[in-house]
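What the coordinates show
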Amino acid sequence: MRNGRGRGPFPPDRHHAPPGRHLHRRLVHRRRHLLRAGSVAALLAVVGPGMLAGLSDDDPAGITTYSILGADYGYELLWVLAVSTAALVVFHEVAVRMGVVTGKGLMTLVRERYGRRGTLLALPALVIANLGTLCAEFAGIAAGMELLGGVSRYVSVPIAAVAVALLVLRGSFKRVEHVLLALSAVFVAYVVSGLLARPDWSAAAQGLVVPNLPLTRDALLIAVATVGTTLAPWGLAFIQSYAVNKRIRVEDLRYERVDVIVGALLTGIIGIFVVVACAATLHVSHIEVDSAADAARALEPLAGGAAATLFALGFLGAALLALAIVPLSTAYSICESFDAPADIDDTARQAPVFYASYGGLLALAAALVLIPGAPLITIMFATQALNAVLLLVLLPFMRRLAADAEIMGTHALGRGDRLATGLALTVVALSVVALGVLAIA
């Protein structure tokens, strides 16, 4: 087992390996050969955590939030998404660095460094944030199926919950991961749709680089939700544990940073074009996003009458991918907090906390979405604002751990790193505080 400074290899026995994902185990055995083959092959050997965590941020909750931002405010708040993407790059790099250097997940480090008190503060924040995100993913499933074929949420949501649980807990998720990513990648259609809608590019450029925020409760709410959906708490825990599982070596961090940066930038680029497409279509027509069908209208310049079908397929793919990953991230974090066994390949008897956490979170989120009259779009949007609030608990832990030389050695945060993480944390804090002030005013 690696110690606090990341020395030594992981043991070959999977039951003694640190908790992590088992989606790319085969690359572990081939990495030495790939790393010797040159820079491109070396990059392919480590790619995964950044791309998957980044692209998974473009889930139904993210697309809904970006759609509302574009429909309600046009190009004016694009800079919020740009700032959020920069923060995503910064903290995903920090999470990956901690995972690679220490060989441990986030909650393991919190437990070992801050004990029970720190764990009882960080873990509930992560679980609550992930529960909210899961509700948003189930809402995405329901909205997508209602849009695709008029299927009731009381049918689609339970089927999705059971199917995803069986898929992941039976260890077969790795076989369909790329299919789900391909389905969610349909949101790249927003890039083409945004171009075909003939947006006002000068206004878009100005909105991207010139900060301007109406001091209203609604404007601050969409800004906070944009931060929360881009820099999602579940993604921070997931990317660190995923990097641990891939057993990336410290000397290969430079390649993994490319993976992180590319994944985060792709998330931001897709998000920007969602905003642009909605600004050029929905905003100019004064159409608010009150349903999935409203959000789908932004794709009409590309898909015409097939826009609703295309949007629904993307919603389903992205939601299924996130439904598999978010509770997995949560279950591992819970097990890390209590030093409990956690392995997809274990049976329920061998890892009862892991199975109970995964299944319990899925069931609770599904039940909340099935409450009669539950507003799907509101759930997908409001939960992202909650994410931003809970980031104020998680980000300080990450920053302190990453800056601790006893834990990170020579890879501890330097002056520039501390400045970048401090600025990102300040942006999140100011937006949440401003929203709170307006909410009680």
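Residues numbered from 1 in each chain as written. Predicted model: local features only at pLDDT ≥ 70, side-chain atom pairs only at ≥ 80, totals over all residues. Heavy atoms only, no water.

1. Examining the overall build of the protein chain
Rules: Helix and strand labels come from DSSP, where a helix needs a run of H or I of at least four residues and a strand needs a run of E of at least two; each type is numbered from the N terminus. We call a residue buried when its accessible area falls under 20% of the maximum for its residue type, exposed when it is over 50%, and partly exposed in between, using a 1.4 Å probe and counting protein chains only. Note on contacts: a residue pair qualifies if any of its non-hydrogen atoms lie within 4.5 Å across the two residues. Using a 1.4 Å probe, accessible areas were evaluated by the Shrake-Rupley method; residue-level cover was limited to the displayed protein chains.
Assigned secondary structure in the protein chain consists of 20 helices and zero strands. In the protein chain, which comprises 441 residues, the proportion classed as buried is 58%. Across the protein chain, every contact between residues at least 6 apart in sequence was considered, and the portion connecting residues at least 24 apart equals 83%. Element-wise, carbon and sulfur atoms account for 64% of the exposed surface of the protein chain, whose accessible area totals about 17400 Å².

2. Quick word on unusual backbone geometry
Even without a glycine there, the phi angle at His 286 is positive, about 60°. Relative to the elements of secondary structure, His 286 occurs in the loop between helix H13 (253-283) and helix H14 (292-296). Even without being a glycine, Asp 339 presents a positive backbone phi close to 55°. Topologically, Asp 339 is positioned in the loop between helix H16 (307-337) and helix H17 (352-369).

3. Points about the environment of Glu 146
Structurally, the position occupied by Glu 146 is in helix H6 (residues 106-149). Taking the relative accessible area as the measure of exposure, Glu 146 reaches 34% and is therefore partly exposed. Among all residues touching Glu 146, those that are not within four sequence positions of it are Val 151, Arg 153 and Leu 376.

4. Comments concerning the pattern of salt bridges
Put simply, the rule reads: One side-chain nitrogen of Lys or Arg within 4 Å of one carboxyl oxygen of Asp or Glu is enough to make a salt bridge.
Tallied over the entire structure, the rule returns eleven salt bridges. As a salt-bridge pair, Glu 146 and Arg 153 come within 3.8 Å of each other at their nearest N and O atoms. In the salt-bridge network here, residues are joined through shared partners; they are Glu 93, Arg 97, Arg 257 and Asp 417.

5. A few points about H17
Heads up, the rule is: Helix span, expected: 1.5 Å multiplied by one less than the number of residues in the helix.
Here H17 spans 26 Å end to end across 18 residues, near enough to the 26 Å set by a 1.5 Å rise per residue. Listed as buried for H17 are Phe 354, Tyr 355, Ser 357, Tyr 358, Leu 361, Leu 362, Ala 365, Ala 366 and Val 369. Each element contacted by the buried residues of H17 is listed here: H6, helix H7 (153-169), H16 and helix H18 (376-403).

6. Topic: the nonpolar core
What counts here: Working definition of a nonpolar core: buried Ala, Val, Leu, Ile, Met, Phe, Trp, Tyr and Cys residues. They are joined through side-chain atoms within 4.5 Å.
Grouped together as the largest cluster of nonpolar side chains are 146 residues, with contacts concentrated most on Phe 138, Phe 311 and Phe 354. With 18 residues, H6 is the single largest residue contributor to this core.

7. Overview of the side chain of Thr 119
Following the sequence through the fold, Thr 119 ends up in helix H6. On the basis of relative accessible area, Thr 119 is assigned to the buried category, the value being 5%.

8. Here's the deal with the packing of H18 against helix H20 (residues 415-440)
Applicable threshold: Axes here refer to lines fitted to C-alpha atoms; in helices the fit is confined to the stretch in contact. Angles between the N-to-C directions go from 0 to 180 degrees. Any angle that is under 35 degrees is reported as roughly parallel, and any over 145 degrees as roughly antiparallel; angles of 65 to 115 degrees are reported as roughly perpendicular and all others as oblique. Here is the rule for handedness: rotate from the far helix to the near one, and if that takes an anticlockwise turn smaller than a right angle the crossing is left-handed, while a clockwise turn gives right-handed. Gly falls in the polar group here, along with every residue not listed as nonpolar (Ala, Val, Leu, Ile, Met, Phe, Trp, Tyr, Cys, Pro) or charged (Asp, Glu, Lys, Arg).
Viewed as axis vectors pointing N to C, H18 and H20 meet at an angle of 160°, and their least axial separation amounts to 9 Å. The angle between H18 and H20 places the two elements in the roughly antiparallel class. Taken as a pair, H18 and H20 cross one another with a handedness that is left-handed. In this structure, H18 uses Ala 388, Val 389, Leu 391, Leu 392, Leu 395, Pro 396 and Arg 399 to contact H20, whose residues at the interface are Arg 418, Thr 421, Gly 422, Leu 425, Val 428, Ala 429 and Val 432. Residues of the contact of H18 with H20, tallied by class, amount to ten nonpolar, two polar and two charged.

9. Notes on a negative patch on the surface
Heads up, the rule is: Patch membership needs two things, relative accessible area over 30% and no salt bridge, and members are linked within 9 Å if like-charged or within 5 Å if nonpolar (Val, Leu, Ile, Met, Phe, Trp, Tyr). The charged-residue count follows a simple rule in which Lys and Arg add positive charge and Asp and Glu add negative charge, with His and chain termini not counted at all. Here the site of a charge means atom NZ of a Lys, CZ of an Arg, CG of an Asp or CD of a Glu.
Taken together, Asp 72, Asp 218, Glu 288 and Asp 290 make up a surface patch of like negative charges. Mapped onto the fold, Glu 288 is located in the loop between H13 and H14. For Glu 288, a relative accessible area of 51% puts it in the exposed group.

10. Some details on the environment of Leu 299
With respect to the element layout, Leu 299 can be found in the loop between H14 and helix H15 (300-303). In this structure, the C-alpha to C-alpha distance between Leu 299 and Gly 194, residues 105 residues apart in sequence, is 8.0 Å. Setting aside residues no more than four positions away along its own chain, Leu 299 makes contact with Ala 189, Tyr 190, Ser 193, Gly 304, Ala 307, Leu 310 and Phe 311.

11. Points about the packing of aromatic side chains
Note the following rule: Ring pairs are drawn from Phe, Tyr and Trp, using the six-membered ring of Trp, whenever the two centres fall within 6.5 Å, and their geometry is named by plane angle: stacked under 30 degrees, edge-to-face over 60, tilted for the rest.
Counting across every chain of the model gives seven aromatic pairs. Their ring planes at 75° and their centres at 5.4 Å tell us that Tyr 114 and Phe 397 sit as a pair that is edge-to-face. Here Tyr 114, found in helix H6, pairs with Phe 397, found in helix H18; they are 283 residues apart in sequence, far enough to count as distant. Taking the relative accessible area as the measure of exposure, Tyr 114 reaches 31% and is therefore partly exposed. Look at Phe 397 and you get buried, because its relative accessible area is 9%. Consider the rings of Tyr 332 and Phe 354, whose centres lie 5.1 Å apart with planes at 50°: the pair is tilted. Taken together, the positions of Tyr 332 in helix H16 and Phe 354 in helix H17 put the pair 22 residues apart, joining distant regions of the chain. Neither Tyr 332 nor Phe 354 differs from the other in exposure class; each is buried.

12. Side note on the confidence of the model for the protein chain
In low-pLDDT regions, the fine details of the predicted coordinates are not to be read closely. Operational definition: Residue-level confidence of the predictor is what pLDDT reports, using numbers from 0 through 100.
Mean pLDDT over the protein chain: 84, with 85% of residues reaching 70 or higher. Element-level pLDDT for the protein chain is lowest in helix H2 (residues 39-46), with a mean of 47, against a maximum mean of 95 in helix H10 (residues 201-209). The model gives residues 1-29 a pLDDT under 50, and that stretch makes 82 contacts with residues more than four places away or in other chains. Within the model, the stretch residues 40-45 combines pLDDT values under 50 with 13 contacts to residues more than four positions away or in other chains.

13. Quick look at a nonpolar patch on the surface
A surface patch of nonpolar side chains, amounting to about 430 Å² of accessible area, comprises Val 258, Ile 261, Val 262, Leu 265, Leu 266 and Ile 269. Structurally, Val 262 can be placed in helix H13.

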